[in-house]
Amino acid sequence: SRSRSGRYKFPSEIKNYSQIHKTAFELTRTALKEPLKYDKTGDYKRIAKSNGIDHMAGIERTFFGGVRRTSAVADATNPSDICRRGYSGGLKWFLQQWELGSVAAGGAFEYGQANVSAQTDYVTFTNKRIIKLGCLTITKTTFNLLMTRLFERTNNSSWDKLCLCGPEYLGMVAEVFEKQMQFTSLRDEGFDGFNFKLVRHASNAGEVYYKQHPLFTSPEMRRSAYYIDLGYLKYRPVKDSDTDIQSGIQENDADKRKDQWLTECSFEIPYPEAHMYVEDLGGITL
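Colleague: If you had to explain the overall build of the protein chain to someone new, which residues and values would you point to?
Modeller: Scanning the protein chain from terminus to terminus reveals 5 helices and 13 strands. Within the protein chain, residue pairs in contact and separated by at least 24 positions form 66% of the contacts whose partners lie at least 6 positions apart. If you sum the accessible surface of the protein chain, you get close to 17500 Å²; carbon and sulfur atoms cover 50% of it.

Structure follows, in structure tokens:
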């Protein structure tokens, strides 16, 4: 005659730390004033741009491989003052916490699932999101299975995700799925024909857009890839601390100018299971 007692379900409180990123650069007063042949205003713009690229690359490295933690460090100008230094957790760190599943298993959050971090059978254990292949060649069927796992949680009505990968990973995927790829073509001059650039792979589970990442040329990343659901990823700068140049930070009597790129930010990754990391793909066979 009446409804049963209600059910209480408290959400997991997922937290990340903000991290301060600084990239300083300086020029002497003479270098600032001296007119140069390639830039009459001096060398400041080139130096600022070069350091800005390094600064943004550092933030990207934190996004992929950052480990969430804090440490107590002595202030550089007053060693008796102890400061808190925070580090942001990146995408791989959140995937590791997802696979640990609970605080009891050593994870940082309660995801309410069994610990699968030590499992290597990614076919049987469907919650695996870190796929370490060890240069193993897999079949096209297995690759399609991984794409199905990737789209089990998706925050996009168009059902698409972004794959940032190394050059060899992209080459192996393009070779086996060349007839299923959509591409753009650019016409060269003369008789060079056409150059093709891979854009999208349409799988049965959803569409994946591929982009070779410029930072993924190191040996451990050339055959690896991050699959990212952009709908479940947010960049969170601290108020009034998004990327900008902080100028004039040199000492008052210094015969130079010192500026720095400054960012304090964090990353919000509410559902790690919507993403995937594939490491050391050896190849894909039909």
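After that view of the structure, there is still more to cover.
Colleague: Now, about the state of the cysteines: what can you tell me, with residues and values included?
Modeller: Across all of its chains, the model carries 0 disulfides by this definition. Looking at the unpaired C165, the closest cysteine sulfur is the one in C163, lying at 4.3 Å.

Colleague: Run through the side chain of S102, naming residues and quoting values.
Modeller: Relative to the assigned elements, S102 resides in the loop between α3 (91-100) and β4 (130-139). In contact with S102, not counting residues within four places along its chain, are G107, F109, E110 and Q113.

Colleague: How would you summarise the packing of aromatic side chains if you had to cite specific residues and measurements?
Modeller: The description of an aromatic ring pair uses the distance of the two centres, along with the angle that the planes make with each other. One pass over the full model with this rule turns up 17 aromatic pairs. Considering the side-chain rings of Y210 and Y227, the 6.4 Å spacing of their centres and the 80° angle between planes classify their relative orientation as edge-to-face. Taken as a pair, Y210 in strand β8 (residues 207-212) and Y227 in strand β9 (residues 225-228) lie far apart in primary sequence, 17 residues in all. Summarising the burial analysis for this pair, Y210 and Y227 share the class buried. Of the aromatic side chains, those joined through ring pairs into one cluster are F63, F64, F216, Y226, Y235, F267 and Y277. Here R68 stacks its cationic end above the ring of Y17, 4.5 Å away from the centre of that ring. We note K161 situated over the ring of F151; from NZ or CZ to the ring centre the distance is 5.2 Å.

Colleague: I'd like a description of the confidence of the model for the protein chain, backed by residues and values.
Modeller: Taken as a whole, the protein chain shows an average pLDDT of 88; of its residues, 90% reach a score of 70 or greater. The least confident element of the protein chain is strand β6 (residues 181-187), whose mean pLDDT is 52; the most confident is α3, at 97. Here residues 189-196 is modelled with pLDDT under 50, and outside its nearest four sequence neighbours on either side it reaches 13 contacts, counting other chains as well.

Colleague: Could you give an account of helix α2 (residues 44-65), with specific residues and numbers?
Modeller: Relative to the 32 Å expected for 22 residues at 1.5 Å per residue, α2 spans 31 Å between its end C-alpha atoms, a close match to the ideal helical length. Listed as buried for α2 are Y44, I47, A48, N51, G52, H55, A57, I59, T62, F63 and F64.

Colleague: Lay out the nonpolar core with the relevant residues and their values.
Modeller: Generally speaking, soluble globular proteins have nonpolar side chains that are buried together. Counting residues in each nonpolar core, the largest one holds 25 residues, and the members touching the most others are I138, F143, C163, Y169, Y210, Y227 and I284. Elements that contribute at least two residues to this core include exactly β4, α4 (140-150), β5 (160-165), α5 (167-176), β8, β9 and β13 (276-285). Among the elements that make up this core, the one with the highest residue count is α5 (5 residues). If sequence neighbours within four positions are ignored, C163 has contacts with Y169, V208, Y209, Y210, K211, A225, Y226 and Y227. In terms of nonpolar packing, the next biggest core, distinct from the first, is built from 20 residues, I59, Y111, L164 and Y277 among them.

Colleague: An account of the pairing of strand β12 (residues 256-268) is needed here, citing residue identities and associated values.
Modeller: Looking at chain direction, strand β1 (residues 19-28) and β12 are connected through 10 bridges and run antiparallel. Across the sheet, the residue bridging to Q19 is C265, located in β12. Bridging between strand β10 (residues 234-237) and β12 involves 4 bridges; their strand directions are antiparallel. For K234, the partnering residue across the bridge sits in β12 and is E268.

Colleague: Describe the environment of H213, listing the residues and the values that go with them.
Modeller: With respect to the secondary-structure elements, H213 resides in the loop between β8 and β9. Taking the C-alpha atoms as reference points, H213 and Y226, 13 residues apart in sequence, are found 9.9 Å from one another. With near-sequence residues (within four places) excluded, H213 lies in contact with E60, F64, L164 and C165.

Colleague: Any details on the pairing of β5? Residues and values, ideally.
Modeller: In terms of burial, β5 is largely enclosed, as 5 of its 6 residues are buried. Pairing of β5 with β8 involves 6 bridges; the strand directions are parallel. Residue K161 lies in a different strand from β8, and its bridge partner there is V208.

Colleague: So what's going on with the environment of I130? Residues and values would help.
Modeller: Position of I130 among the secondary structure elements: in strand β4. You can call I130 buried: its relative accessible area is 8%. Sequence spacing of I130 and L95 is 35 residues, and the spatial spacing of their C-alpha atoms is 6.8 Å. Other than its neighbours up to four places away in sequence, I130 contacts K92, L95, Q96, E99 and Y277.

Calculation rules
- Residues numbered from 1 in each chain as written.
- Predicted model: local features only at pLDDT ≥ 70, side-chain atom pairs only at ≥ 80, totals over all residues.
- Heavy atoms only, no water.
- Helix = DSSP H or I, 4+ residues; strand = E, 2+ residues; numbered from the N terminus.
- Contact = heavy atoms within 4.5 Å.
- Areas by Shrake-Rupley, 256 points an atom, 1.4 Å probe, with all protein chains shown as cover.
- Disulfide = S-S within 2.5 Å.
- Phe/Tyr/Trp six-rings, centres within 6.5 Å; stacked < 30°, edge-to-face > 60°.
- Buried < 20%, exposed > 50% of the residue type's maximum accessible area, 1.4 Å probe, protein only.
- Lys NZ or Arg CZ within 6 Å of the ring centre and 35° of its normal.
- pLDDT = per-residue confidence, 0-100.
- Expected span 1.5 Å × (residues − 1).
- Core = buried A, V, L, I, M, F, W, Y, C linked by side-chain atoms within 4.5 Å.
- Pairing = 2+ DSSP bridges.

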